[in-house]
Amino acid sequence: MQNELRGPRFEKLIERRDVLGLGAAWAFFGTIIAATIGALKLPIPTVFPETDSRFPIGKPEDFAMGLAVHLSSRRLWVFSDQDGIAAVSTVCPHLGCLVLRKDSGEFLCPCHGSKFNATGKVLSGPPPRGLFWVEISLGPDGRLIVDSEVEVSHDVRFKV
Ligand code: FES
């Protein structure tokens, strides 16, 4: 009986078991390594705050009257009307998702379905406050400067 286990068929069976064992060991250690790398990356932030809250958005003539310009990289909508130029942040005051603007002028947050009217006032949803209108001033080089940390009322305009 023991002689039968020493034949070439038995050796192949052991080889197959070794391969499966090695595969399981690699999967185990790969999982441990991936989990360790993930755990080590946890304290490193992946989203960095803007380094400067003041930045130029262009010259006043870039914002023709009646236009609504989306500056997606700055997370702003800039509006120009007969009273001047104003800018509103597209960052939802609930949890920071970026709101979308409908043709009607309303803003919608895709994350929790909040609605804001054209002035940024909350119409529905969980946000504790309306959208953040930011200060616009004129820089020494003639370009408009937005300070994203200075809030103004929705009816404040930069006079051209
Ligand atoms: S993040 Fe906008 S409603 Fe929650």
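Use the structure listed above.
Student: What exactly am I supposed to notice about the overall build of the chain here?
Tutor: The helix and strand tally for the chain stands at 2 helices and 10 strands. Along the chain, from the amino end to the carboxyl end, the secondary structure elements read α-α-β-β-β-β-β-β-β-β-β-β. Expressed as a percentage of the 160 residues in the chain, the buried residues total 26%. Within the chain, residue pairs in contact and separated by at least 24 positions form 34% of the contacts whose partners lie at least 6 positions apart.

Student: Before we go on, may I ask you to explain the pattern of salt bridges in this structure?
Tutor: Where side chains of opposite charge bring their charged atoms close, a pairing between them can arise. One pass over the full model with this rule turns up 4 salt bridges. One salt bridge in this structure joins Glu 151 and Arg 129, with 2.5 Å as the shortest N-O distance. Of this pair, Glu 151 sits in strand E10 (residues 144-152) while Arg 129 sits in the loop between strand E8 (122-124) and strand E9 (133-138), and the two are 22 residues apart along the sequence. The exposure class of Glu 151 is partly exposed, given its relative accessible area of 40%. Arg 129 sits in the partly exposed class, given a relative accessible area of 34%. Between Asp 141 and Arg 143 there is a salt bridge; the shortest N-O distance is 2.8 Å. According to the relative accessible area criterion, Asp 141 is partly exposed, its value standing at 42%.

Student: How should I be thinking about the state of the cysteines in this particular structure?
Tutor: Note on terminology: a disulfide is the covalent bond linking the sulfur atoms of two cysteines. With the rule as written, the count across this model stands at 1 disulfide. In this model, Cys 97 is linked to Cys 111 through a disulfide, with the two sulfur atoms separated by 1.9 Å. On the sign convention where negative means left-handed, the S-S torsion of about -95° between Cys 97 and Cys 111 marks this disulfide as left-handed. Of the two residues, Cys 97 is situated in the loop between strand E4 (84-89) and strand E5 (100-101) and Cys 111 in the loop between strand E6 (107-108) and strand E7 (115-116); the sequence distance between them amounts to 14 residues. You can call Cys 111 partly exposed: its relative accessible area is 37%.

Student: I'm lost on the pairing of E10 in this one. Help?
Tutor: For a regular strand, side chains alternate in direction, first toward one face of the sheet and then toward the other. By the bridge criterion, 4 bridges tie strand E1 (residues 54-58) to E10 in an arrangement that is antiparallel. Bridging from a neighbouring strand, Arg 54 pairs with Asp 147 of E10. Bridge count for E9 against E10 is 6 bridges, and the pairing is antiparallel. When the sheet's bridge partners are listed, Glu 135 is paired in E10 with Asp 147. Hairpin connection from E9 to E10: 5 residues lie between these consecutive antiparallel strands, with Gly 142 at a positive phi of about 85°.

Student: Help me out: how do you make sense of the sheet that holds strand E2 (residues 68-71) in this one?
Tutor: Sheet strands line up and pair through hydrogen bonds in the backbone, either parallel or antiparallel. If you walk across this open sheet you meet the 6 strands as E1-E10-E9-E4-E3-E2, and the pairing is antiparallel. The sheet is open, and its two borders are formed by E1 and E2, each paired with just one other strand. When strand polarity is set aside, the average angle formed by the axes of neighbouring strands in this sheet is 35°.

Student: For this particular structure, what's the right way to read the side chain of Thr 90?
Tutor: Locating Thr 90 in the fold gives a position in the loop between E4 and E5. Beyond its immediate sequence surroundings of up to four residues, Thr 90 is in contact with His 70, Arg 75, Leu 76, Trp 77, Cys 97, Leu 98 and Val 99.

Student: What should I look at first to understand the packing of aromatic side chains in this one?
Tutor: One pair of aromatic rings is described through two measures. These are the centre distance and the angle between the planes. Overall, the coordinates contain 3 aromatic pairs when judged by the stated rule. Ring geometry for Trp 77 and Phe 79: centres 6.2 Å apart, planes at 15°, overall stacked. Each member of the pair, Trp 77 as well as Phe 79, carries the same accessibility label: buried. Judged by centre distance (5.9 Å) and plane angle (40°), the rings of Phe 79 and Trp 133 are tilted. Here Phe 79, found in strand E3 (residues 76-81), pairs with Trp 133, found in strand E9; they are 54 residues apart in sequence, far enough to count as distant. Of the two residues, Phe 79 and Trp 133, both sit in the buried class.

Criteria and cut-off values
Within every chain, residues take consecutive numbers counted from 1 along the sequence as written. Local features in a predicted model are, by the rule used here, given only for residues with pLDDT of at least 70; side-chain atom pairs are given and counted only at 80 or more, and totals for whole chains, interfaces and linings are based on all residues. The side-chain numbers reported here are obtained from all heavy atoms of the structure, hydrogens and water having been left aside. Secondary structure counts use DSSP, requiring at least four H or I residues in a row for a helix and at least two E residues in a row for a strand, with both numbered from the N terminus. Accessible area is worked out with a 1.4 Å probe on protein chains only. A residue is then buried under 20% of its type maximum, exposed over 50%, and partly exposed in between. In what follows, residue pairs with any heavy atoms lying within 4.5 Å of each other are defined as contacts. A pairing counts as a salt bridge when a side-chain nitrogen of Lys or Arg comes within 4 Å of a carboxyl oxygen of Asp or Glu. When the sulfur atoms of two cysteines come within 2.5 Å, that pair is taken as a disulfide. Strands are labelled as partners when DSSP assigns at least two bridges between them. Interaxial angle, 0 to 180 degrees, is taken between N-to-C directions of lines fitted to C-alpha atoms, where a helix line uses only the stretch in contact. The aromatic pairing rule takes the rings of Phe, Tyr and Trp, using the six-membered ring of Trp, and pairs them if the centres are within 6.5 Å, calling planes under 30 degrees apart stacked, those over 60 edge-to-face and the rest tilted.

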